[in-house]
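# Remarks on the overall topology
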Amino acid sequence: MPAGLLSIKLRCASWQQLATIYKRDLSRGSMFLRASAPPPIGTAVRIDLALPSASVIVLTGTVAQHRTDPQRGSGVELELAPIPSQTIWLIESALEAESKRRQTPATGVATGGAPGGGATGELPAIGQGEDLVAAEDELIKALLAEAESLKKLNPFLVLGVGYEASDADVRAAFGELTKRYHPDRFARYESAELRQVAAEIFILIRDAYRKLSAETGRAQALAALGRAPAPRAVPLRAPTPPPVAVPPPRPAARQPTASIPPAPSTIPETIAIPKLRVPEPNDTSSAASNAGSSETPTARPSQPLPIPPEAQRTQPPRASTPGRSGALPTVPIPSPPSSSQGIPRVPPRTPSQGIPRVPPRTPSQGVPRVGSDPAPRASTSQPLPRTSSSQPLPRLDAPSTDHRPVLATPPPVLTEASDGNPIDQLLEQGKFDEAILAAKVMAKKFPSDRTYRAAVEVCEGLRYLALRDRLEAAQRFESALEIDPSNERAARELADMRRQATNERKGLLTRLMGKKE
Amino acid sequence: MSRIIGIDLGTSNSCVAVLDGKGQPTTLAGLDNERTTPSWVSWSSSGQVTVGTRAKRQAVTSAAATVYGVKRLIGRKVNADDVSWFARLAPFRIVAAPNGDAWVRIHGQPISPQEVASHILRRVRQVAEEALDEPVTRCVITVPAYFDDAQRQATRVAGQIAGLDVVRILNEPTAAALAYGAHRVTGGRRLVAVFDLGGGTFDISIMSVENGIFEVLATGGDSALGGDDWDRRLIERIVDEVFDSHRVDLTGIPMAMSRLREACENAKKALSADRETVIQLPFLANDPHGAPINFERVVTRDQIDALTKDLLDRLEAPCRRALEDAGLTAGDLEEVLLVGGMSRWPAVQAMVESIFGRKPSKGANPDEVVALGAAAYAGILAGDSNDAALLDVTPHDIGIRVGDTGFAVVLPRNSMLPVRARRLFATTHDDQKFVSIELYQGDSSDVTENRKLGQVVLEDLPPGPAGSTRVELVITMDVESIMSVTARELRTGLETSVTIRPSGGLSQREIVEIINRRRQETSVVSPLPMEGGMVRVTTREHAVTRPSDEKK
């Protein structure tokens, strides 16, 4: 931008204010700003308008006139450059959503145009008590949404650590989460339901911590995800043939994945379903998910009970089955990440699912299940095979009928480790538009591969995030997940956004209560 | 909302603290300027209750109606070993309630330890209200980490009777670590052990402190081992000596026992610093001929050590087990913190040094540090401070009975709270129609030695050969040690749940009765003499003035 560009940052404290600005100023293509020292006419101006939702709209214009507004004092009149329709659409949809949410006609605002720069409070002042209750309810909803997100993630994502995290990293991540989500932090609120939901979330977090706090645990979890620990061998990627028709672009193209997590190899969870049948793959997952019981070193030898079911207490390695890794070998293709394109898992799945194993597809197809809706599972879960087992207890933990707050093991999503993935690189460099284009190109090339379409959505979502438009970004990530439920990046971004939302709710609630947060 | 106070309800002494204006925990002293209140309660024949130093002084003359060490009785059964010992030497009667709980009998009236403790809590609350000059209704009460759920719940009930809203029950070693560490929230992870040897209980907790996160890795202890046991050895020795030389059994003379107890406790305290001291008790009792026994004896530190060697040895096993549970060796620890009056004893400190290989730290006042920690935690719960978080664990295994005496663990000890654990079980008989699941808490593999928490029955099981019907048991425990248990039959999905909050030993009705009875009586709680011999007596509900009656 040419020197002399004046950069102004404005903030809308409320939707009402935005509506006012929109109707009064933007629709006319001009805007009045108070200024004690008006810049010369013709100065180029850039306005960063931050919305209540923390998204930012960028407007450009030039100083057209110095004038004195009867209500607001002296200042300048800006002539705005044509506002991109996208921005207009954004503002309108945001206002609409807001008005629906409030169930009061947002248009009411138009009449109250007077406020000008007046920043109304963030919530209508209906009275302290109602505010608190409403805020508590919002926080509960936010927490429930977060719990849902967390359940979909693998332990590394739950804690927010990389796959090569060290003990200290894991502890630090856990410490941060503890400070935010430990039930003690919610003890100050009245609602018992709130504290209960907080406890649920924390249970998910601490189970992830238990799994990952030691090197051995991390190795197991990685194995469960189908990744080799430490050396993320790029070569392994190479083969990934899955897309039968589409051989190669794998290495480079395929891995745009950072955002496009290759199909979640296995839905161990799905493996979970036919658990009875396939004891091994379950071992690790159930044992791992059984954080609660297998947590301490205190070894309790299984009691010689008339009751066979010993299963859970022991660490995975114990049974004959090596757990996931056991499943892997069946895969013709070298395992980890890419291969995880679901190929490996195919074998186990087939019997249970009877899903046409289309190599590339498989994972994604399997994936929907991951979303964890009871229905499909229930249908596929076999009645406990009496015959099957002398093997006492199928560590059946994932209940088929799922309304209990279960330690559901999240779908192992393979991701990351994207070295040399061009789309990822573009994303990292912040060249979102190019990334989107590249992803679209890939999508066109492999029309049957959902992951690319999902990647497009993810890239767009990331771009919106960069524009601080959370509403849009969230929508994009959600649609990415709909297209390809195994997309780890989208799940993670969504979880992060929900986390942020929860924090905001919590901050608001705490401020209402007059405490510091 | 009123401020939340932190209460250390100790076996021998209780203390109360709160966060001051700058967010620092500070102990509170009432108008009598005492920072700690002896955990003593005395009843006059007319029913007036005295608490604290006054009660302790009254103990000499009305020994049978003065209760001390009630923490050893709260939540416990009368047939426990240490309770029996306690009963033998205590000047007041210890009796069994209908459910087997240990109660006391004063002036012919059975009184629950919850009620006794509630008097102490009320007194402590009054101290706080005097110091803060504002009403106090909410508190955090500390208990030994090794207390089981029955003991914890009984402590809560005591608070309830005292009219307090017990926001949380906090473990003493964790509270102490918080008080110690609150000032040093520097980066870097520190592994510490908290060695808490109080009047009646022993706790050892291994913790990791990093960036304000206090994570308990393992905890162990002995909830029937404390300074009182050291006293008891000396008391027993002297009782034997007096019997040998004068043929008088002092245990039948409450006043003599009371004097002797106090003398032995003072001697022990003196011997922490000196090598020898003298116990002098003139006119302790009369021998069979009617001649007075003037007891005088030199007591040395070595003698006490010789008498208590086995007690010292009992300190070691819980420490080793806790280290093992935490997966650490003594060398991994950076510091050992001492808490509790008895930790002042030289031989105890030597034992700590030998177990952990380093000299223990004695920075803070071991008598007040727990209350300070409780106050700091109260601040965290109230939202007044955000710089620390406590991650505590459950101290005992929780499981169910299998077979006659088998104990199958579902939720292992040292699990970080909140936690969810599950385990599968199968039927033992063909076509079994229902399964009765009894929950126990304890560390013995023999279920009869563990404490029963509750029961849940799952009925209408589908028929099938033994072992084919599988029931999944899920136990969820939250930070307040409230447990919810769900049993689910896998084939049909049939399930049943129960929330278990172990009874505090008194039914709700009994609690309400006690509170009502209290309302009607006015109790003299350490009355302050005013001018003209008038005394202002305040209970929660009334303010009454009555002539002082000092001589009680």
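Residues numbered from 1 in each chain as written. Chains lettered and ligands numbered in written order. Predicted model: local features only at pLDDT ≥ 70, side-chain atom pairs only at ≥ 80, totals over all residues. Heavy atoms only, no water.

## Here we look at the packing of helix H20 (residues 470–483) of chain A against helix H21 (residues 488–512) of chain A
Residue and element names in this part refer to chain A. The interhelical angle for the contact between H20 and H21, taken along N-to-C directions, is 140°, at an axis separation of 9 Å. Overall, the two elements H20 and H21 adopt an arrangement that is oblique. In terms of crossing hand, the pair formed by H20 and H21 is left-handed. Seen from H20, the contacting residues are Arg-470, Ala-473, Ala-474, Phe-477, Glu-478, Ala-480 and Leu-481; seen from H21, they are Ala-490, Ala-491, Glu-493, Leu-494, Met-497, Arg-498, Gln-500 and Glu-504. Partitioned by chemical class, the residues of the contact of H20 with H21 number nine nonpolar, one polar and five charged. (Axes fitted to C-alpha atoms, helices over the stretch in contact; angles between N-to-C directions. Helix = DSSP H or I, 4+ residues; strand = E, 2+ residues; numbered from the N terminus. Parallel < 35°, antiparallel > 145°, perpendicular 65-115°, else oblique. Left-handed = near helix turned anticlockwise from the far one by under 90°. Contact = heavy atoms within 4.5 Å. Nonpolar A, V, L, I, M, F, W, Y, C, P; charged D, E, K, R; others polar.)

## With respect to helix H7 (residues 254–273) of chain B
Counted at 1.5 Å a residue, the expected span for H7 of chain B with its 20 residues is 28 Å, and the 30 Å between its end C-alpha atoms agrees. Taken residue by residue, H7 of chain B has Ala-256, Met-257, Ser-258, Arg-259, Leu-260, Arg-261, Ala-263, Cys-264, Glu-265, Ala-267, Lys-268 and Leu-271 of chain B as its buried positions. (Expected span 1.5 Å × (residues − 1). Buried < 20%, exposed > 50% of the residue type's maximum accessible area, 1.4 Å probe, protein only.)

## Observations concerning the nonpolar core
Residues and elements named next belong to chain A. Formed by 68 residues in total, the largest nonpolar core has its most connected members in Leu-143, Phe-156, Leu-159, Phe-174, Leu-194, Ile-205 and Phe-477. If one sorts the elements of this core by residue count, helix H7 (residues 192–212) sits on top with 10 residues. Non-local contacts of Leu-143, meaning those with residues more than four positions away in its chain, are made with Tyr-181, Phe-186, Leu-194, Val-197, Ala-198, Ile-201 and Thr-502. (Core = buried A, V, L, I, M, F, W, Y, C linked by side-chain atoms within 4.5 Å.)

## What to know about the pattern of salt bridges
All names here are of chain B. Using the criterion set out here, one finds 56 salt bridges over all chains in the structure. As a salt-bridge pair, Arg-156 and Glu-480 come within 3.4 Å of each other at their nearest N and O atoms. One end of the pair, Arg-156, is in helix H4 (residues 149–161); the other, Glu-480, is in the loop between strand E25 (470–477) and strand E26 (483–489), with 324 residues separating them in the sequence. Judged by its relative accessible area of 13%, Arg-156 falls in the buried class. For Glu-335, the salt bridge identified is with Arg-190, shortest N-O distance 2.8 Å. With Glu-335 in strand E18 (residues 335–339) and Arg-190 in strand E13 (residues 190–197), this pair connects stretches of sequence that are 145 residues apart. Taking relative accessible area as the criterion, Arg-190 reaches 24% and is therefore assigned partly exposed. (Salt bridge = Lys/Arg side-chain N within 4 Å of Asp/Glu carboxyl O.)

## Notes on the pairing of strand E27 (residues 495–500) of chain B
Residues in a regular strand point their side chains to alternate faces of the sheet. All names here are of chain B. Summarising the sheet, E26 and E27 pair through six bridges and their orientation is antiparallel. When the bridges of E27 are listed, Ala-487 appears paired with Thr-496. The antiparallel pairing of E26 with E27 creates a hairpin that spans five residues between the two strands, and Gly-493 there sits at a positive phi of about 80°. (Pairing = 2+ DSSP bridges.)

## A look at the sheet that holds strand E20 (residues 398–402) of chain B
Residue and element names in this part refer to chain B. Across the sheet, four strands lie side by side as E21-E20-E23-E24; this open sheet has antiparallel pairing. The open sheet has two edge strands, strand E21 (406–411) and strand E24 (451–458), and neither has a second partner. Neighbouring strand axes in the sheet, compared pairwise and without regard to direction, differ in orientation by 35° on average. Pairing between E20 and E21: five bridges, direction antiparallel. Opposite Arg-401, over in E21, you have Phe-407 as the bridge partner.

## Focus: the confidence of the model for chain A
All names here are of chain A. For chain A, the average pLDDT comes to 63, and 55% of its residues sit at 70 or higher. Confidence over residues 104–127 falls short of pLDDT 50; this stretch has 29 contacts with residues more than four positions distant or in other chains. Segment residues 231–419: pLDDT under 50, and 404 contacts once partners within four positions in sequence are set aside and those in other chains are kept. (pLDDT = per-residue confidence, 0-100.)

## A few points about empty space enclosed by the protein
Residues and elements named next belong to chain B. By the definition in use, this model includes 15 cavities of 30 Å³ or more. Of the voids in this model, the largest cavity is the one considered here, and its volume is about 310 Å³. Lining the largest cavity are 22 residues, with Arg-152, Ile-169, Val-479, Glu-480 and Ser-481 positioned closest to its centre. Put simply, the parts of the chain that give the lining of the largest cavity at least two residues each are H4 and strand E12 (165–171). Each pocket or cavity is described by its volume, and for the second largest cavity that value is around 160 Å³. Lining the second largest cavity are 13 residues, with Tyr-68, Phe-86, Leu-89, Asp-228 and Arg-232 sitting closest to its centre. For the lining of the second largest cavity, the secondary structure elements donating two or more residues are helix H2 (81–89) and helix H6 (227–246). (1 Å grid on protein atoms, 1.4 Å probe; cavity = no way out; pocket = protein on both sides within 12 Å on 5 of 7 lines; lining within 4 Å. Points joined across faces, edges and corners; volume = space filled by probe spheres on them.)

## Overview of H20 of chain A
All names here are of chain A. Between its first and last C-alpha, H20 extends 20 Å over 14 residues, near the 20 Å set by a 1.5 Å rise per residue. If you check which residues of H20 are buried, you get Arg-470, Glu-472, Ala-473, Phe-477, Ala-480, Leu-481 and Ile-483. Among the residues of H20, the N-terminal cap falls to Asp-469, whose side-chain oxygen and the backbone nitrogen of Leu-471 are separated by 3.3 Å. (Polar contact = N/O pair within 3.5 Å; in protein donor to acceptor, adjacent residues only side chain to side chain.)

## Remarks on the packing of helix H3 (residues 113–132) of chain B against helix H13 (residues 508–520) of chain B
How two helices sit against one another is set out by the angle between their axes and by the gap between those axes. All names here are of chain B. Between H3 and H13, the shortest axis-to-axis distance is 12 Å and the interhelical angle comes to 50°. If you check the angle between H3 and H13, you find them oblique. Pair H3 / H13 crosses with right-handed handedness. On the side of H3, the interface is formed by Glu-115, Ser-118, His-119 and Arg-122, while H13 contributes Ile-514, Arg-517 and Arg-518. Of the residues assigned to the contact of H3 with H13, the class counts are one nonpolar, two polar and four charged.

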